[in-house]
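# Understanding the architecture of this molecule
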Amino acid sequence: MTDLNDLMVFATVVERGSFTQAAEVMNTPKSNISRKITRLESQLGVRLLERSTRTLHLTEIGQRYYTYCKRIKEEYEAAGSAVESMLEKPQGRLRVCTSLGVGQALLGDHLAHYCQCYPEVELDLSLTNRRVDLIEEGYDLAFRIGDLPDSGLVARKLCSIRLRLYAAPGFAKHNIKTPSDLLEHPLMLMSAKERSPDWHLFCADETATLRFEPTVRCDDFSMLMRMSIKGLGITELPEYMAKRELAKGTLINILPDWQFEPVDLYALYPSHRGSTPKVRALLNHLSTEGFQ
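Notes on the structure in this doc start here. The numbers attached to residues start from 1 for each chain and follow its sequence in the written order. Thresholds applied to this predicted model are a pLDDT of at least 70 for local features of residues and 80 or more for the giving and counting of side-chain atom pairs; totals over whole chains, interfaces and linings are not thresholded and use all residues. Hydrogens and water are ignored here; the side-chain numbers use all heavy atoms of the structure.

### Quick look at the packing of aromatic side chains
Two rings belonging to Phe, Tyr or Trp (six-membered ring only in the last case) form a pair when the distance between their centres is within 6.5 Å. Interplanar angles under 30 degrees mark stacking, angles over 60 mark edge-to-face geometry, and anything in between is tilted. Going through the model one piece at a time under the given rule, you end up with 5 aromatic pairs. For the pair Phe10 and Tyr65, a centre-to-centre distance of 5.7 Å together with 50° between the ring planes defines the contact as tilted. Linking Phe10 in helix α1 (residues 4-16) with Tyr65 in helix α4 (residues 60-88), this pair joins segments that are 55 residues apart in sequence. Take Phe10 and Tyr65: they sit in the same class, and that class is buried. A network of ring pairs unites the aromatic residues Phe10, Tyr65 and Tyr66 as a single cluster. For a lysine, the NZ atom is tested; for an arginine, the CZ atom; a charge sits over a ring if that atom is within 6 Å of the ring centre and within 35 degrees of the ring normal. Across from the ring centre of Tyr139, 4.1 Å away, lies the NZ or CZ of Arg95, which sits over that ring. Under the DSSP-based scheme used, a helix requires at least four consecutive residues in state H or I and a strand at least two consecutive residues in state E, with every element numbered from the N terminus. Burial classes follow relative accessibility: with a 1.4 Å probe on protein chains only, a residue under 20% of its type's maximum area counts as buried, one over 50% as exposed, and anything between as partly exposed.

Below, the structure is given as structure tokens:
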């Protein structure tokens, strides 16, 4: 099989008109240039160049062969330029995956600002609570909350998220003062976060563990928030998600002195993609802007 490098050498020799000039351009000894041309002719079984001490001429077959080699050389150089360009500035398709709640309530504005800053990036955003396989499914980046399994992916912590208990304003009349009082009311579980219906709360140096039978199990904070606003029960929510509803008065903070252990938000990416400008730019953008 013909070596691509030999094709490039042949095309350069023809363009430069001599072995000597081709050797200078390619920064390689003249003897190497001559050897590659001889090997190429041997593989093809034809003479491509007629040599003399002073001149160099293409044979008829050599002229036809050079036409195709020139095209290959141009495409090869264009491919290299494309890669260099992609490594110089953020551009191209960026596939990102995150959960519905994080995407809608926490990342939406940041991603929009990123797209405005880098108009040559085509954002392909997937909102799903399903745990995707980044490498298998071709994602450049994913955002996940909580403990991470050992997956071989690079994980960059972006922020810590505080979670508290929230409910519709009508629950204020129940005079809930201690964690054990919660067990007298309908409780809704974030099933994607809690492996079992247990809540572990803390207040200063105090801790409390509640085991309960949830009235609703759901893997999406946004849906739990809507249900709590409708008065279906008490649930845990991230502070960033409940902030607007608190200001509007559609939610209240139950047991404001108590909260859950904070959970961390991570950006996950395969190491070989983390070096691309579009991913680096997004990570730097998020780190600069901050959260909450």
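### Brief notes about α1
In a regular helix each residue adds 1.5 Å, so 13 residues correspond to 18 Å; α1 covers 18 Å between its end C-alpha atoms and thus fits that length. After α1 finishes, the residue Gly17 shows a positive phi value of roughly 85°. Multiplying one less than the number of residues by 1.5 Å gives the expected span of a helix.

### Let's talk about the pairing of strand β15 (residues 263-269)
In terms of burial, β15 is largely enclosed, as 6 of its 7 residues are buried. Summarising the sheet, strand β5 (residues 141-145) and β15 pair through 4 bridges and their orientation is antiparallel. Bridge pairing links Phe143 to Ala267 in β15. Two strands pair if DSSP finds at least two bridges between them. The pairing of strand β6 (residues 154-161) with β15 spans 7 bridges and is classified as antiparallel. Pairing of Ile161 across the sheet is with Val263, part of β15.

### Points about the sheet that holds strand β8 (residues 187-190)
In spatial order, the strands read β11-β8-β12-β7-β13; together these 5 strands make up an open sheet with mixed pairing. The sheet is open, and its two edges are formed by β11 (216-218) and β13 (252-254), each paired on a single side. Neighbouring strand axes in the sheet, compared pairwise and without regard to direction, differ in orientation by 40° on average. In this sheet, strand β12 (residues 234-238) lies alongside β8 in parallel orientation, the contact comprising 2 bridges. Bridging from a neighbouring strand, Leu187 pairs with Ile234 of β12. In what follows, a contact means two residues having at least one pair of non-hydrogen atoms within 4.5 Å. Fitted lines through C-alpha atoms serve as axes, helices being fitted only where they are in contact, and the angles separating the N-to-C directions of these axes extend from 0 to 180 degrees. The sheet contacts of helix α7 (residues 221-229) involve β7 (163-167), β8, β11 and β12, and relative to β12 the element is tilted by about 135°.

### Remarks on the packing of helix α2 (residues 19-26) against helix α3 (residues 30-44)
It is the contact of α2 with α3, at a shortest axis distance of 8 Å, that shows an interaxial angle of 110°. As the angle between them shows, α2 and α3 are arranged roughly perpendicular. Handedness of the α2/α3 crossing: right-handed. Each of Phe19, Thr20, Ala23 and Met26 in α2 lies in contact with α3, whose residues at this interface are Lys30, Ile33, Ser34 and Ile37. Angular relationships are summarised with four words: roughly parallel below 35 degrees, roughly antiparallel beyond 145, roughly perpendicular across 65 to 115, and oblique for the angles in between. Take the far helix as the reference: if the near one is turned anticlockwise from it by less than a right angle, the crossing is left-handed, and if turned clockwise, right-handed.

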